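A structural walkthrough
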Amino acid sequence: MTTTLRPAEPEQRWRGGVRARRFHVCVNGRPVGETTLCTDARFGPEAGRIAALRIDHDQQRRGRGTVAALAAEEVLRGWGCRRIEVSVRTQDTAALRLAGVLGYVVRNRSMRKALPDVPPALPEGSVVRPMTEAEYPGWVARRQDDYVRSWTRHGVPEAQAREKAEADDRTALPEGLATPGAVLRVLRAREAGRTGVGDPVGELWVGRRDEDTGFVFDVRVAAGHRKRGHGRTLMLVAERECLAAGLRWLGLNVFAGNEAAEGLYASLGYGVTEVHLAKPLV
């Protein structure tokens, strides 16, 4: 039996110039599922994405999904894509196995936790204050540089990663510190061997993702102050800010290979909700 893709509709153009098309997955010409392919607005036309792939229940476990995914890669190559991406919910273990077999590599993970009813206490000696206008430009530069390095380590060309970092800021922080809903905080903390509260040791950017969910867009501890618990304190600050805003959930993104951050988030009760994978199209 031959598994092929057959267009189910004319090619679409989504917002941001995204190219998209829905296909029937067919066996000997008979539809047994569907897939939707598109380019990725975040990275331009060279990045393709399998936005959805479904095989009818009675046709599963026969290799239909594998062949459909390989056929999707050929379609995206024909569109000029040089990289393909897919996002898989953690409960979809079959899709995760398939992605691994086909050579996709985990790039980053989405995590989320339910917030407690009572705001968590901060460690003694911790002082949190708003970021100042004088501090903001330096923080933006540091954050964007780190963000670009994280994407380039996972196969995204530097120019695309830089463009994404700048576009994200234009979208999420259009008014800088005055952006409605954006919370930018600086942590000062008393460290061993010091009296009083010292210099700033870390920064936090948290905001609203949807009606009841906040999102940690950035959390960073200064290089000379790491491995002293300040990252955990900043995450507790994020919880407190979200609870004060009436939010019940808090989400974040973590890049693959950042074991220290993954361990911290897991210890605070975050669970992985979605896995994001990618592979080059050669």
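Described in the following lines is the structure provided in the data block. (Residues numbered from 1 in each chain as written. Predicted model: local features only at pLDDT ≥ 70, side-chain atom pairs only at ≥ 80, totals over all residues. Heavy atoms only, no water.)

Focus on the overall build of the chain
The secondary structure content of the chain amounts to six helices and 13 strands. Dimensions of the chain, computed from C-alpha atoms along their principal axes, come out at roughly 75 × 35 × 30 Å. Expressed as a percentage of the 282 residues in the chain, the buried residues total 44%. For the chain, the share of sequence-separated contacts (at least 6 apart) that also reach a separation of at least 24 residues comes to 63%. Of the roughly 14700 Å² that the chain leaves accessible, carbon and sulfur atoms contribute 51%. Across the chain, the 44 positively charged side chains and the 35 negatively charged ones have centroids separated by 4 Å. (Helix = DSSP H or I, 4+ residues; strand = E, 2+ residues; numbered from the N terminus. Buried < 20%, exposed > 50% of the residue type's maximum accessible area, 1.4 Å probe, protein only. Contact = heavy atoms within 4.5 Å. Areas by Shrake-Rupley, 256 points an atom, 1.4 Å probe, with all protein chains shown as cover. Lys, Arg positive; Asp, Glu negative; His and termini not counted. Charge placed at Lys NZ, Arg CZ, Asp CG, Glu CD.)

Thoughts on the pairing of strand E12 (residues 249-255)
Within E12, five of the seven residues are buried, leaving the element largely enclosed by the surrounding structure. One ladder, built from seven bridges, connects strand E7 (residues 105-114) with E12; its direction is antiparallel. Bridging from a neighbouring strand, Arg-112 pairs with Gly-251 of E12. Pairing of strand E11 (residues 213-221) with E12 involves four bridges; the strand directions are parallel. (Pairing = 2+ DSSP bridges.)

Considering the packing of aromatic side chains
With the rule as written, the count across this model stands at eight aromatic pairs. Ring centres of Trp-139 and Trp-205 lie 5.8 Å apart, and the angle between their planes is 80 degrees; this geometry places the pair in the edge-to-face category. Note that Trp-139 is positioned in helix H3 (residues 136-153) and Trp-205 in strand E10 (residues 200-210), a separation of 66 residues in sequence. In this structure an aromatic cluster arises from ring pairing among Tyr-136, Trp-139, Trp-205, Phe-215 and Phe-217. Geometry around Phe-43 places Arg-83 over its ring, the cationic atom sitting 5.1 Å from the centre. In this arrangement the basic side chain of Arg-112 is found over the ring face of Trp-249, its NZ or CZ atom lying 3.8 Å from the centre. (Phe/Tyr/Trp six-rings, centres within 6.5 Å; stacked < 30°, edge-to-face > 60°. Lys NZ or Arg CZ within 6 Å of the ring centre and 35° of its normal.)

With respect to the packing of H3 against helix H4 (residues 158-172)
Running from N to C, H3 and H4 point in directions that differ by 135 degrees, and their axes come no closer than 9 Å. By the angle class used here, H3 and H4 are oblique. Note on packing geometry: the crossing formed by H3 with H4 is right-handed. Where H3 abuts H4, its residues Val-140, Arg-143, Gln-144, Asp-145, Tyr-147, Val-148, Trp-151 and Thr-152 lie against Glu-158, Ala-161, Arg-162, Lys-164, Ala-165, Glu-166, Asp-168 and Asp-169. Among the residues making up the contact of H3 with H4, the classes are represented as six nonpolar, two polar and eight charged. (Axes fitted to C-alpha atoms, helices over the stretch in contact; angles between N-to-C directions. Parallel < 35°, antiparallel > 145°, perpendicular 65-115°, else oblique. Left-handed = near helix turned anticlockwise from the far one by under 90°. Nonpolar A, V, L, I, M, F, W, Y, C, P; charged D, E, K, R; others polar.)

A word on unusual backbone geometry
A positive phi is found at Arg-61, a non-glycine position, where the angle reads about 65 degrees. Relative to the assigned elements, Arg-61 resides in the loop between strand E5 (44-55) and helix H1 (64-78). The phi dihedral of Lys-227 is positive, around 65 degrees, even though this residue is not glycine. Structurally, Lys-227 can be placed in the loop between E11 and helix H5 (230-244). Given the relative accessible area of 89%, Lys-227 is considered exposed.

Considering the side chain of Arg-185
Position of Arg-185 among the secondary structure elements: in strand E9 (residues 183-189). Engagement of the side chain of Arg-185 in a polar contact is seen with the side chain of Glu-241, the distance being 3.0 Å. (Polar contact = N/O pair within 3.5 Å; in protein donor to acceptor, adjacent residues only side chain to side chain.)

Focus: the nonpolar core
Counting 26 residues, the largest nonpolar core has Val-206, Val-216, Met-235, Leu-250, Leu-252, Tyr-265 and Tyr-270 as the members making the most contacts within it. Of all the elements in the fold, those that place two or more residues in this core are E9, E10, E11, H5, E12 and helix H6 (259-267). Of the residues forming this core, the biggest block, seven residues, is contributed by H5. If sequence neighbours within four positions are ignored, Val-216 has contacts with Leu-204, Trp-205, Val-206, Met-235, Ala-238, Leu-250, Gly-251 and Leu-252. Counting residues in hydrophobic clusters, the runner-up holds 24 residues, among them Val-25, Ile-55, Ala-69 and Val-88. (Core = buried A, V, L, I, M, F, W, Y, C linked by side-chain atoms within 4.5 Å.)

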